[in-house]
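# Descriptive structure summary
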Amino acid sequence: MPDSSASNDLDPKYRMDGSCWKFVPVISGGFFNEEYGDSIFKHHLIVLQLQLALIFSLATLIHLLLRHFYLPRLISEVLAGVILGPTVLGRYFPDISATLFSHQSLKVLSTLTRFGYLFFMFLIGVKMDVNLIKKSGRREWTIGSFVIVFPILFIVTIAKNISLKVDKIGEESLEWVSLFAGLIMLTSFPVVAILLMHLKIINSELGNLTLSSALISDLISVVIVNLDKFGQLTRLASERVALKSMFLVLTLIMFVVTILRGMIYWIIRRTPEGKPVKDAYLFFVIIALLVVAVVGENAGLQYMYGPFILGLTVPTGHPLASTLIEKLDTIVSGWMLPLMSTYCGYRSDLWELKKKPPAWIMFTITFGVLFKTTCGFIPAICLKVPLKDATAMALMLTCKGIIELGCFATNADKQATGPQDFTWAVFSVFIFAALVPTITRFLYDPSKTYRGYQKRTVLNSSLNEGVRMLACAHRKDDALSTIKLLQLSNPFIGTPLSVYGLYLEQLVGGSSPLLLNHQLGQKSCSDGRWQQIIDVFNHFKNHCSKPTQVQVYTAISPQTLMHEDVCWVAFQNSVSLIILPFHRKWNRKGKMIADSKELRAFNIRVMNKAPCSVGILVDRDRSLRLPITDKSSTYRVCVMYLGGKDDREALAIGRRMKGWPSVYLTVVRCKEDDDAAQKGWESMLDDECLREIKHQSRECNNVLYKEEIVRHGADTSSIVGSLLDENYDLIIVGRHSDSNSSLIEGLSAWTELPELGAIGDMLASSEISKSVSIFVVQQQVQMQRSLLEMGK
């Protein structure tokens, strides 16, 4: 009779019961249905569920404890695996460890992690924009090539020689040495993209350079790795076997690139614009993914490269790539992939680090990493990248993460790998994943990019250069609303106006953000959507009464980082005012039809970081009536002036509009009842700004100046209500971030939208059904912060 323990290891569904084999169901019947003396832990589904619960609970707890250190989530996942593995649980509670993580249950967990890693590599290919290579210039190609070719050639070769001559290892272990050294020298595009997203600099200038260099480096490494694999086949088997494997791999790649890619484009053509992709098409892609993985591994290609190549053939963006990411990304990146990090942490034993490490490992993780960092730093400096930026970029190109862990885990069982070698592999990835973000954050502070000592406001704009405005639009309605304000700000008489239109699109189905300048002929895969925005701004340019410079950009980036594109375009073009669309929308009947929390969060981020003044346009007037197109009618504009820098900026915008004969400007100044409160530097600045308006109100028919005495916030609220009753077309107010003024005393407590200030919040209330539009202005804040820092 065969040994029962060995038989149990071979098939977990059966166990020996006396002299008979007894079937053990995977699913438990419950606590009370178990036979006497049996345990529910004999059912593998119960064990798997308990393992998953422990893994995610522990990883979440550790992440909550470490989140103040801004470490990536991978750190907490690896630490959770270390605690559940032989380092802690297996050493101090061996019985519990044997019950929860038996040999058979680990096989199930390992299979699940590899299955998730396969889908992850496919999604990486889907998100990767290969067109980024075409847009890469000499800097990206030079840095990307240097940072991978020289480290792979020199460090891997030296590490193998050290392992043979110093550590005296056998020939059978050389494959692991090559794998370890090669992965430490690897620059992984997904890891770099995740790091840039974590640091929130993926759409900065440094982020674009690093991402492009990482993509080039990663693709070069794929070629090098597979050529080395065919070389090993030649040495270990024969040239015939290597050529046969190469022929099969090339045939598979050609099949994917031609046949499957053609079918993918057929699916996209069969999907109407704006409609979801049919489930049958998605099932076909998933089946093709699994078939390519199986065929590729049997042909001599590593099992994850087949899905990766298939993912590259899927065009980024809508409709297929975005649908695949929407359907798969949550379960793969949020559930299956963290299991890989935890599984690697579980398999490592930190007690092995007490032993003397092999010389080749210490050489690779010290001198090798230093050499790789130097290979990224030197070409960056030669290509005139700033010193701190070059250092930060070189470090980011050496970062390690889930790609390296996945390769270590999938190859550890195939090669002669001891627990010490595997522990050092996981420990190396852990250290680099923790140190690189911390050091990079110290070297590169993106918030300082937009801080200068130059006033960029409408009030301080040069008479010769004129005013530069950046109009942001998420859809066509936003652009139409903005050009009404732009035309009002571009009268016959006055300084010239330069307009920069920016269409903002959320990055879906890709990892590479894009900033396109359409004056340079740059295009993307979403031409149909931004073409409408370009047409709106071109229409504005063609119907201007005087020559006006108009440039249009498209920014495609993640929702949480979209404000960086706005600030960067404003900074590069020395913009004085950014115009943002309000997050609420109304129809022509005055009924609110949209309320976007994401758009509101975006507006707040721009206001906190903008290098110039910012205005939020609340457009309730859905008509296209303009002073230019309808000269027979009048357009009534009101500026409510309470005092302060925001109101001075609002008044400067209103003064530009009075240049139109058909625009009637009313300035309502609210003054405190206490004369002592009107003294001081701020009050003197307010009087100086209002002096011209007071003079023009006596000489011009389209300018009216009024003063209202206010004792407290209730009087101010009454004045706001009276303004709404006077049927103004546009009311311009300052944000008034200072809530200590007696003019708005008590109003801040009832503010629903603090980013609009107390007055703007009242005027933008969803309960107001009048068709009056509101423009809430905030003067430049980055200038104030810079002066404070300079004073310190």
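Residues numbered from 1 in each chain as written. Predicted model: local features only at pLDDT ≥ 70, side-chain atom pairs only at ≥ 80, totals over all residues. Heavy atoms only, no water.

- Within an unreviewed UniProt entry, the label attached to the chain reads Cation/H+ exchanger domain-containing protein, and the organism entered is Hibiscus sabdariffa.
- UniProt, in the comment section headed Subcellular location (unreviewed entry), describes the chain in these words: "Membrane". (UniProt positions renumbered as here; feature names shortened; annotations may be inferred.)

### Notes on helix α9 (residues 174-184)
- When you tally the buried positions in α9, you get 10 out of 11 residues, the bulk of the element.
- Those residues of α9 that fall on the buried side of the exposure criterion are Leu174, Trp176, Val177, Ser178, Leu179, Phe180, Ala181, Gly182, Leu183 and Ile184.
- Where α9 is buried, its residues meet α8 (138-165), α16 (359-382), α18 (402-412) and α19 (419-443). (Buried < 20%, exposed > 50% of the residue type's maximum accessible area, 1.4 Å probe, protein only. Helix = DSSP H or I, 4+ residues; strand = E, 2+ residues; numbered from the N terminus. Contact = heavy atoms within 4.5 Å.)

### Topic: helix α10 (residues 189-199)
- By the criterion of burial, α10 is predominantly enclosed, with eight of the 11 residues buried.
- Among the residues of α10, those classed as buried are Phe189, Pro190, Val191, Val192, Ala193, Leu195, Leu196 and Leu199.
- Tucked inside the fold, the buried residues of α10 contact α6 (103-127), α11 (205-236), α17 (387-396), α18 and α19.
- Just downstream of α10, Lys200 is the residue with a positive phi angle, here 60°.

### Quick look at the environment of Asp686
- Structurally, Asp686 can be placed in helix α25 (residues 681-699).
- Spatially, the C-alpha atom of Asp686 lies 8.6 Å from that of Asp647, the residues being 39 residues apart in sequence.
- The residues contacting Asp686, other than those within four sequence positions of it, are Tyr641, Gly643, Gly644, Arg648 and Arg669.

### Looking at unusual backbone geometry
- Of note, the phi angle at Tyr70 is positive, near 55°, even though the residue is not glycine.
- In this structure, Tyr70 sits in the loop between α2 (44-66) and α3 (73-84).
- Positive phi is not limited to glycine here, since Asn727 has a value of about 60°.
- Given the relative accessible area of 53%, Asn727 is considered exposed.

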